[in-house]
Amino acid sequence: MGLLRALGLERYRVSKLKPHLKMAEQRLAILNSKKTNLIKTQKREIAQLLRDGKEEKARIRVEKLIRDDFTIEAYELLSLLCELLHERAALITSEKDCPPDLREACCTLIWAAPRTEVPELKVVAEQLDLKYGKEFFNDARKNVGERANVRVVHKLGVAPPSAYLVVKYLKAIAEEYKVQWEVPDLDLSEEQLETSAMPAPSGYSVPVAPGSGLEAVYERAPVPPPSPPPPVAVVNPSSTIVGAVVGVVPPQPPVATVVPPPAPTEEEMRAKAMIDAKLAEGRTFTKPAYFPEEPEPEEPVEEEEESKDEAPPDAVSDLEARLNALRR
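Anyway, here's the lowdown on the structure attached to this text.

What counts, and at which threshold
- Residues numbered from 1 in each chain as written.
- Predicted model: local features only at pLDDT ≥ 70, side-chain atom pairs only at ≥ 80, totals over all residues.
- Heavy atoms only, no water.
- 1 Å grid on protein atoms, 1.4 Å probe; cavity = no way out; pocket = protein on both sides within 12 Å on 5 of 7 lines; lining within 4 Å.
- Points joined across faces, edges and corners; volume = space filled by probe spheres on them.
- Helix = DSSP H or I, 4+ residues; strand = E, 2+ residues; numbered from the N terminus.
- Nonpolar A, V, L, I, M, F, W, Y, C, P; charged D, E, K, R; others polar.
- Buried < 20%, exposed > 50% of the residue type's maximum accessible area, 1.4 Å probe, protein only.
- Expected span 1.5 Å × (residues − 1).
- Arc of directions from axis to C-beta.
- Contact = heavy atoms within 4.5 Å.
- Core = buried A, V, L, I, M, F, W, Y, C linked by side-chain atoms within 4.5 Å.

**Thoughts on empty space enclosed by the protein**
Remark: the empty space left among the atoms is shown by a probe the size of a water molecule rolled over them.
And then number 1: With the rule as written, the count across this model stands at one cavity of 30 Å³ or more.
And then number 2: Approximately 40 Å³ is the volume attributed to the largest cavity.
And then number 3: For the largest cavity, the full set of lining residues is Cys107, Phe136, Asp139, Ala140, Asn143, Val144, Arg147 and Ala148.
And then number 4: In terms of residues, the lining of the largest cavity owes the most to one element, helix α7 (residues 134-141), which gives three residues.
And then number 5: For the lining of the largest cavity, the per-class residue count stands at five nonpolar, one polar and two charged.

**Structural notes on unusual backbone geometry**
And then number 1: Positive phi outside glycine occurs at Asn143, with the angle close to 55°.
And then number 2: Within the fold, Asn143 resides in the loop between α7 and α8 (150-155).
And then number 3: Unlike most non-glycine residues, Glu146 shows phi in positive territory, near 50°.
And then number 4: According to the relative accessible area criterion, Glu146 is exposed, its value standing at 63%.

**Observations concerning helix α9 (residues 163-176)**
And then number 1: When the terminal C-alpha atoms of α9 are compared, their 20 Å separation across 14 residues agrees well with the 20 Å that a helix rising 1.5 Å per residue should span.
And then number 2: Those residues of α9 lying buried are Ala163, Val166, Val167, Leu170, Ile173 and Ala174. All buried residues of α9 lie within an arc of 130° about the axis, which places them on one face of the element.
And then number 3: Buried residues along α9 sit in contact with α2 (14-51), α3 (55-87) and α10 (190-195).
And then number 4: The positive-phi residue at the C-terminal boundary of α9 is Lys178, with phi of around 55°.

**What to know about the environment of Pro19**
And then number 1: Mapped onto the elements, Pro19 comes out in helix α2.
And then number 2: Each C-alpha atom, one on Pro19 and one on Glu120, is 9.2 Å from the other, the two residues being 101 residues apart in sequence.

**Section: the nonpolar core**
And then number 1: Leu78, Leu85, Cys106, Leu109 and Leu121 are the most contacted members of the largest nonpolar core, which has 36 residues in total.
And then number 2: Looking at this core, the elements with two or more residues in it are α2, α3, α5 (103-112), α6 (119-132) and α7.
And then number 3: Counting residues in each nonpolar core, the second largest holds 22 residues, with Ala47, Leu186, Leu193 and Met198 among its members.

It is worth stressing that arrangement in space is one thing and function is another; only the former is reported here.
Written as structure tokens, this is what we have:
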């Protein structure tokens, strides 16, 4: 079939449309039965969450429950439309264009086919595509002109339920299972409750240290602020009343105290005197261990004189004097 469809050789067949409409109707009923049983379990779990004080988690579970309610409602409507097309399959086959009274039903099934868990609806949408053409199929898939059923479009949409609906579900579940629960203040007006989604959880219902149960460890007593120093009273000496207070001097800010370095000990003084005496005499000495090593000064390098054969000036003058004496 895929090859025939790719080559454009596949044709509409009523023998394929009618059984898939009937199978889709049966599968929708099975799915609704499963979801209904699941909702009963979800309601008990939500009631237990409210009883345990986990309100934020209960809100999220209620949104899932509302979504299942919406899906069941939409599946019931789709099941009615499938039954309608099954009974009027002969009319669909005989007419070239879609009949006006079946336009909404056909557009709704084409729009809902990829948004449900029913594979038979996809086959029904393909047969309607082969019957009425690509233009009709694409407009129905995109819901151009809002031809699909408004109730089905709303129930199978992706928008979250309103905060008003979530609060009403929680209140009804608490009353059904006899749970003492008060409606929280969401800081939303009546209009915002009906049009806005439930605020995201802030985590206030999550206890501290839920595993160990030692939440008392994290509690701290409020620390009192430090008391200021007492004021200083100023006494008027010229007053006749003894101890008459004429004013109050505010406390002064603390002043930093500079601590001088400690004085040298006697042993340090004797060692210093001994070092000074040796330095004055020009002698070397061994420094104590507590004195740091000082680097030795580098001696300047003097250039060697190249005159190695020259004799000292005194020896030359003596030699000249002896030569003069021999000549005489």
